[in-house]
Each structure stands twice: as C-alpha cells, then as structure tokens.
Amino acid sequence: LVAKRIKNKSMWTFYREGAKGEEPLSSLLDEECTFLLADSYPNERYIPEKYKFSSEEQRWALVQGMLDSDGTIRLGYEGRIDIQYNAASEKLAKDFAEVLFSLGISCSAKQERWSNAGARADAFVVRMDVPNDMKSQCFRASDKKDAAKETENIYRKKDFSRIGIKEIRKIIDL
C-alpha cells in the first residue's frame, strides 16, 4: 500500500504498489477500517475497538493520521498554540478522545454549530492539552509538524505532569 500526498493539500490518495493506476481505497483495507474511512456517512464513523486498544506506537500513528487529515494547529487565545481535531461524528470524537487519554494526553470534546456560506452543520471538536515540546509528536504531515516544532521553545506556566498507563491486562475473554 502506498500513500501519496496531493500537492499543496492535506489530502492523500492510496494505491497498491506496482498496480496500474489507483485502486479504490475500500479494496485495500480490512472491513473495519473500510467502514471507518470509506463506506460510511461522516456522521456514522468511529474507531473500531481493536484500534483503540492496539500498541502505543499504533495508537500514536492513528492519532497522527487523524490529525494530519482532520486536525488543525493554530494560534489560539492569549497566544497559545492550539491543536484540535474536528469530526462530523460524535462517536468518532469520543473515540479519538479515548485514544488520547490512553496515551496520557488530556483533552476536551464538545459539539459546535458551524456555518459557512449559508450552510450549517454540527461538528464535534476535540481540543488537546499538549505541552509545547510534545506538539510535533502529534503530526506526520510536514507542514503541521513544522508549525508544531516552532512552539517547542515557547515556555508556558502550566504543569503538564501526566499519569501514564503502565500495563494493560485482559480481564475477560470475549
């Protein structure tokens, strides 16, 4: 599977290496991942359980991919640099927040009403509370990662000490 970024955009196209042209995304992914990304309405999307409870490295990759596509990093209130994730699905926003909490990242999620050129829509926004020296870890896309790196030496008067997960044990067989 090869991912190629569309020039000057935060969009990606996927295809099978060596194939002529591009194959549909749904033909390249497993059933759960296809439902998450391709074959559902935006307000029905969610993160399957097996992705929420995967290894720490895989959960970070999931966070990075989701923020690269639907996340923003911007100058916020009182000069803070904010990272947020926007979703059309309340379930997806809550699942994303759950993954962040499992990585020791504090966040808040809420519903907002947006309007653009007369069109209105509900959106679910997850705002992350990430120390400046960790912000670049949240992205893989070079433009967002570079913007995050610029914040690394900005001091904030806030305690970001975290309680991390030391061990995850299976409680029951499903």
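In this text the structure is predicted, and so the values were computed from the model without any measurement.

1. Details of helix 4 (residues 90–102)
Then, in step 1: With 13 residues, helix 4 should reach 18 Å at 1.5 Å per residue; the first-to-last C-alpha distance of 18 Å fits that figure.
Then, in step 2: The complete set of buried residues in helix 4 reads Leu 92, Ala 93, Asp 95, Phe 96, Ala 97, Val 99, Leu 100 and Ser 102.
Then, in step 3: A distance of 3.3 Å separates the backbone nitrogen of Lys 91 from a side-chain oxygen at the start of helix 4, and that oxygen is part of Ser 89.
Then, in step 4: Of the residues one or two after helix 4, Gly 104 is the one with positive phi, at around 85°.

2. Description of helix 3 (residues 56–70)
Then, in step 1: For helix 3, with 15 residues, the first-to-last C-alpha span of 21 Å sits near the 21 Å given by 1.5 Å per residue.
Then, in step 2: All of the buried residues along helix 3 are Arg 59, Trp 60, Leu 62, Val 63, Gln 64, Met 66, Leu 67 and Asp 68.

3. As for the nonpolar core
Then, in step 1: By size, the foremost hydrophobic cluster in this structure holds 27 residues, and its most contacted members are Leu 67, Phe 96 and Met 128.
Then, in step 2: Listed by contribution, the elements that provide at least two residues to this core are helix 3, strand 4 (81–87), helix 4 and strand 6 (119–129).
Then, in step 3: The element best represented in this core is helix 4, accounting for six residues.
Then, in step 4: Other than its neighbours up to four places away in sequence, Met 128 contacts Leu 67, Ile 83, Phe 96, Leu 100, Ile 105, Ser 106, Cys 107 and Cys 138.

About the cut-offs
- Residues numbered from 1 in each chain as written.
- Predicted model: local features only at pLDDT ≥ 70, side-chain atom pairs only at ≥ 80, totals over all residues.
- Heavy atoms only, no water.
- Helix = DSSP H or I, 4+ residues; strand = E, 2+ residues; numbered from the N terminus.
- Expected span 1.5 Å × (residues − 1).
- Buried < 20%, exposed > 50% of the residue type's maximum accessible area, 1.4 Å probe, protein only.
- Polar contact = N/O pair within 3.5 Å; in protein donor to acceptor, adjacent residues only side chain to side chain.
- Core = buried A, V, L, I, M, F, W, Y, C linked by side-chain atoms within 4.5 Å.
- Contact = heavy atoms within 4.5 Å.

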